[in-house]
Amino acid sequence: MNGLVKRAFRYRFHPGEAQAAELSRTFGCVRKVYNLALQARAEARTKRGERVGHEATSALLTEWKRTEEPAFLAEVSSVPLQQALRHLQIAFGNFFAKRARFPRFKSRKKSRASAEYTRSAFHWRDGVLTLAKMAEPLDIRWSRPLPEGAAPSTVTVSRDLAGRWFVSLLCEDPGVTPLPATDAVVGIDVGLDHLLVLSTGEKIGDPRHERRDRTALAKAQRVLCREHKGSGNRDKARVKVARVHARIADRRTDFLHKITTRLVRDTRTLVIEDLAVSNMAGNHRLARAISDAGWRQFRQQLQYKANWYGRDVIVVDRWFPSSKLCSVCGALAAAMPLQVRTWTCDCGTNHDRDVNAARNILAAGPAATVCGAGVRPQRNPPGGQSATKQKTPRREPWESPSITRERKSTGDLPACVGVRRA
């Protein structure tokens, strides 16, 4: 990998009363600008068939500051507001490139409160960070040092639903360099009985972080549902529920970081299977376990760490029958229900379902590289699309739900069915 890697270092901090008020006001203005710009762009697209770009929304921001109703936008730093418009532009770019769905409006209670500052809106010197419109520096808890001589190019301040404050510093990290060469190649199969099964036969158990706190989460949610909407006690109960969720998410993230770092350090090439996690979570009997496993987060960490340290990640086509294929003779079984964990091939080989799948994924890795199979499925399975990989019908942003239901009833869209992994 060429050049220095830009890496974000996140820390907890504890704002003073005046700082918390200023940041909360900034968060509200950022959300307001994002929603106003999204509304303007959506109306231009649906009513007039026009595309409004970033420059037009920047001009609208100047007009909004001069009007009477949103004049409070001029009271906060203008940099986070401009960054909100850039984020919206990126969201629309992902939508038009079919990498994401249509941008959604930000909710005051449910959306992540954050504001991004560029170099013109903060002062950094000797480890002391002061944001625009603030007289005092932030009280940051330095849990780990920044790279020597590093200066942040971007600062993002956020507050999660549990009320915790974070600051993320984007710096160039000279310590991220390619790891020593190794010949190890491994295939990885993800699952629920075991989080990861490697082609070497190693099985990494699923800690089931959500299950450990399920009792505390259920208790906090029961208290929340009994409180009256709009009351102060309901806000307190909501924060308690968010704290349980945050504890679960923190443990899951920490565990996945340890696993992915070990795999990247010890292996030259990692072969994984492309999974439609959102579709698989449509199975209501497995959705909770699938969400708790963190398969998508595992893949994201694995890919960016491999990019950092000069490793390769190969993604095998999601339609590849890794579980039903014998890794010894290549025979394909007719069916392989989920409850079958071991099976014997006609050639006499006794297979562990998950280890066999990992070995097949490893063997399919070179073919995926040559043929270009990757993130998107390259073919449909014989007989059409299976229930496992079927996508939920997507409604266009300018269509009403009734239009989608009508199209589904007439056969223009496939019916939404349950999801089961073969």
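Predicted model only: the values in this text are computed from it and were never measured.

## Overview of the overall build of the chain
When its secondary structure is counted, the chain shows 11 helices and 14 strands. When the 422 residues of the chain are sorted by exposure, 42% land in the buried category. For the chain, restricting intrachain contacts to residue pairs at least 6 apart in sequence, the fraction spanning at least 24 positions comes to 72%. Put simply, the chain shows about 23,500 Å² of open surface, and 50% of that area lies on carbon and sulfur atoms.

## Remarks on the sheet that holds strand S11 (residues 269-273)
Read from one edge to the other, the open sheet built from five strands follows the order S10-S9-S8-S11-S12, with strand pairing classed as mixed. Where the open sheet ends on each side, the last strands, each with one partner, are strand S10 (203-205) and strand S12 (312-316). Taken over all neighbouring pairs, the strand axes of this sheet differ in orientation by 20° on average, direction set aside. Here three bridges tie strand S8 (residues 185-190) to strand S9 (residues 194-198), and the two strands are oriented antiparallel to one another. Across the sheet, valine 190 pairs through a bridge with leucine 196, a residue of S9. Contacts from helix H6 (residues 232-266) reach S8, S9, S10 and S11, with the element oriented near 5° to S9. In the packing of helix H9 (residues 295-309) onto the sheet, contacts are made with S8, S9, S11 and S12, and the angle to S12 comes to roughly 140°.

## What about the environment of glycine 294?
Here glycine 294 lies in the loop between helix H8 (287-293) and H9. Excluding anything up to four places from it in sequence, glycine 294 contacts Arg252 and Leu256.

## As for the sheet that holds strand S5 (residues 140-141)
One open sheet holds the five strands; their spatial order is S2-S6-S7-S1-S5, and the pairing between them is antiparallel. The open sheet has two edge strands with one neighbour each: strand S2 (113-118) and S5. Here strand S1 (residues 5-13) runs beside strand S7 (residues 165-173); their pairing, made up of eight bridges, is antiparallel. The residue of S7 that forms the bridge with valine 5 is aspartate 173. The sheet contacts of helix H1 (residues 17-47) involve S1, S2, strand S6 (154-159) and S7, and relative to S2 the element is tilted by about 95°.

## A word on the layout of surface pockets
Taken as a whole, the second largest pocket encloses approximately 1,300 Å³ of empty space. Of all elements in the fold, only S1, S6, S7, H6 and H9 reach the threshold of two or more residues within the lining of the second largest pocket. When residues of the lining of the second largest pocket are assigned to their parent elements, the largest contribution, 11 residues, is made by H6. Of the residues belonging to the lining of the second largest pocket, the class tally is 14 nonpolar, nine polar and 16 charged.

Conventions and cut-offs
Think of each chain on its own: its residues are numbered from 1, step by step along the sequence as written. Only residues with pLDDT of 70 or above have their local features reported here, since the model is predicted, and side-chain atom pairs are shown and tallied only from 80 upward, although totals for entire chains, interfaces and linings are computed over all residues. Computation of side-chain values: all heavy atoms of the structure, hydrogens and water removed. Secondary structure is summarised from DSSP: a helix means a run of H or I of at least four residues, a strand means a run of E of at least two, and numbering begins at the N terminus for each. The classification of residues rests on relative accessible area computed with a 1.4 Å probe and restricted to protein chains. Under 20% of the type maximum is buried, over 50% is exposed, and intermediate values are partly exposed. The contact criterion used throughout is that any non-hydrogen atoms of two residues lie within 4.5 Å. Throughout, the Shrake-Rupley method with a 1.4 Å probe supplies accessible areas, and for residues the shown protein chains are the sole cover considered. A pair of strands counts as paired when DSSP detects no fewer than two bridges linking them. To get an axis, fit a line to the C-alpha atoms, keeping to the stretch in contact for a helix; angles then go from 0 to 180 degrees between the N-to-C directions. Here a cavity means grid points, on a 1 Å grid over the protein atoms only, where a 1.4 Å probe fits yet cannot get out; a pocket means an open set of points with protein on both sides within 12 Å along at least five of seven lines; lining residues are those with an atom within 4 Å of a point. Grid points are joined across faces, edges and corners, and a volume is the space filled by probe spheres set on the points. Under the convention adopted here, Pro, Cys and the residues Ala, Val, Leu, Ile, Met, Phe, Trp and Tyr are nonpolar, Asp, Glu, Lys and Arg are charged, and Gly plus all remaining residues are polar.

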